[in-house]
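# Architecture at a glance
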Amino acid sequence: LLEADAYPGPSMVVAYSPCISQGFPMAESIGHCQLAVDSGYWPLFRYNPELASSGNNPFQLDSRKVKGDLFKLLAAENRFASVMRRDPKHAEELDARLK
């Protein structure tokens with residue numbers, strides 16, 4: 001946020017923000033956000049156009065190697081879990097494709 005605030009022009013912050021309707025306790029939202037990053041669902045990156053003037057890449061990927069389980073993240077959210085309950089076989093096929 002400090003980098004976006006310091007930029008001399010318009011800047012934007014895009015954040016993953018779970019809500020209670022996704023079906024898990026809000027007290028666990030920080031852990032859920034960490035799982036979103038670890039699973040590769042939500043990449044952490046920055047783009048600073050000022051870096052190009054010094055010959056550096058303005059795009060910086062801050063996420064580390066994917067180490068989490070994307071299916072676990074999706075199963076924890078009502079919007080995806082409902083699809084899994086409706087068609088478990090299809091959900092298993094999709095999970096296999098994620099690996």
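Each remark here, short or long, concerns the structure printed above.
To keep things clear, this report deals only with the structure shown in the data block.

Rules and cut-offs
Residues numbered from 1 in each chain as written. Predicted model: local features only at pLDDT ≥ 70, side-chain atom pairs only at ≥ 80, totals over all residues. Heavy atoms only, no water. Helix = DSSP H or I, 4+ residues; strand = E, 2+ residues; numbered from the N terminus. Polar contact = N/O pair within 3.5 Å; in protein donor to acceptor, adjacent residues only side chain to side chain. Contact = heavy atoms within 4.5 Å. Salt bridge = Lys/Arg side-chain N within 4 Å of Asp/Glu carboxyl O. Buried < 20%, exposed > 50% of the residue type's maximum accessible area, 1.4 Å probe, protein only. Phe/Tyr/Trp six-rings, centres within 6.5 Å; stacked < 30°, edge-to-face > 60°. Patch = residues over 30% accessible without salt bridge, like charges linked within 9 Å, V, L, I, M, F, W, Y side chains within 5 Å. Areas by Shrake-Rupley, 256 points an atom, 1.4 Å probe, with all protein chains shown as cover.

## Considerations on the side chain of Glu-77
Its place among the elements puts Glu-77 in the loop between α3 (70-75) and α4 (78-86). Among the polar contacts listed, one links the side chain of Glu-77 to the side chain of His-32, at a separation of 2.7 Å. Beyond its immediate sequence surroundings of up to four residues, Glu-77 is in contact with Tyr-16, Gln-22 and His-32.

## Brief notes about the pattern of salt bridges
Here the idea is simple: oppositely charged side chains can pair when their charged atoms come close. With the rule as written, the count across this model stands at three salt bridges. When the shortest N-O distance is used, the salt bridge between Glu-3 and Arg-46 registers 2.9 Å. Linking Glu-3 in helix α1 (residues 2-6) with Arg-46 in strand β1 (residues 45-47), this pair joins segments that are 43 residues apart in sequence. For Arg-46, a relative accessible area of 31% translates into the label partly exposed.

## A word on the environment of Trp-42
As for its placement among the helices and strands, Trp-42 is situated in the loop between α2 (29-38) and β1. In this structure, the C-alpha to C-alpha distance between Trp-42 and Asp-69, residues 27 residues apart in sequence, is 12 Å. In contact with Trp-42, other than residues within four places in its own chain, are Val-14, Ala-15, Tyr-16, Ala-36, Val-37 and Ser-63.

## Considering the packing of aromatic side chains
Ring pairs (aromatic) are described by centroid distance and by the angle formed between their planes. Under the defined criterion, the tally for this structure stands at four aromatic pairs. Between Tyr-41 and Phe-80, the aromatic rings sit 6.5 Å apart at their centres with planes inclined by 80°, giving edge-to-face as the arrangement. Residue Tyr-41 is located in the loop between α2 and β1, and its partner Phe-80 is located in helix α4; the two are separated by 39 residues in the primary sequence. Taking the relative accessible area as the measure of exposure, Phe-80 reaches 26% and is therefore partly exposed. Aromatic ring contacts, followed pair by pair, group Tyr-16, Tyr-41, Trp-42 and Phe-80 into a single cluster.

## Topic: the side chain of Gln-22
When you line up the elements, Gln-22 lands in the loop between α1 and α2. Here the side chain of Gln-22 touches Glu-77 through a polar contact of 3.4 Å, side chain to side chain. Among all residues touching Gln-22, those that are not within four sequence positions of it are Tyr-16, Ala-76, Glu-77, Asn-78 and Arg-79.

## Re a nonpolar patch on the surface
Taken together, the side chains of Phe-45, Tyr-47, Phe-59 and Leu-61 make up a nonpolar region of the molecular surface, amounting to roughly 470 Å² of accessible area. Elements supplying a minimum of two residues to the nonpolar patch: β1 and β2 (59-61). The topology assignment puts Phe-45 in strand β1.

The values reported here are purely geometric and, on their own, carry no functional implication.
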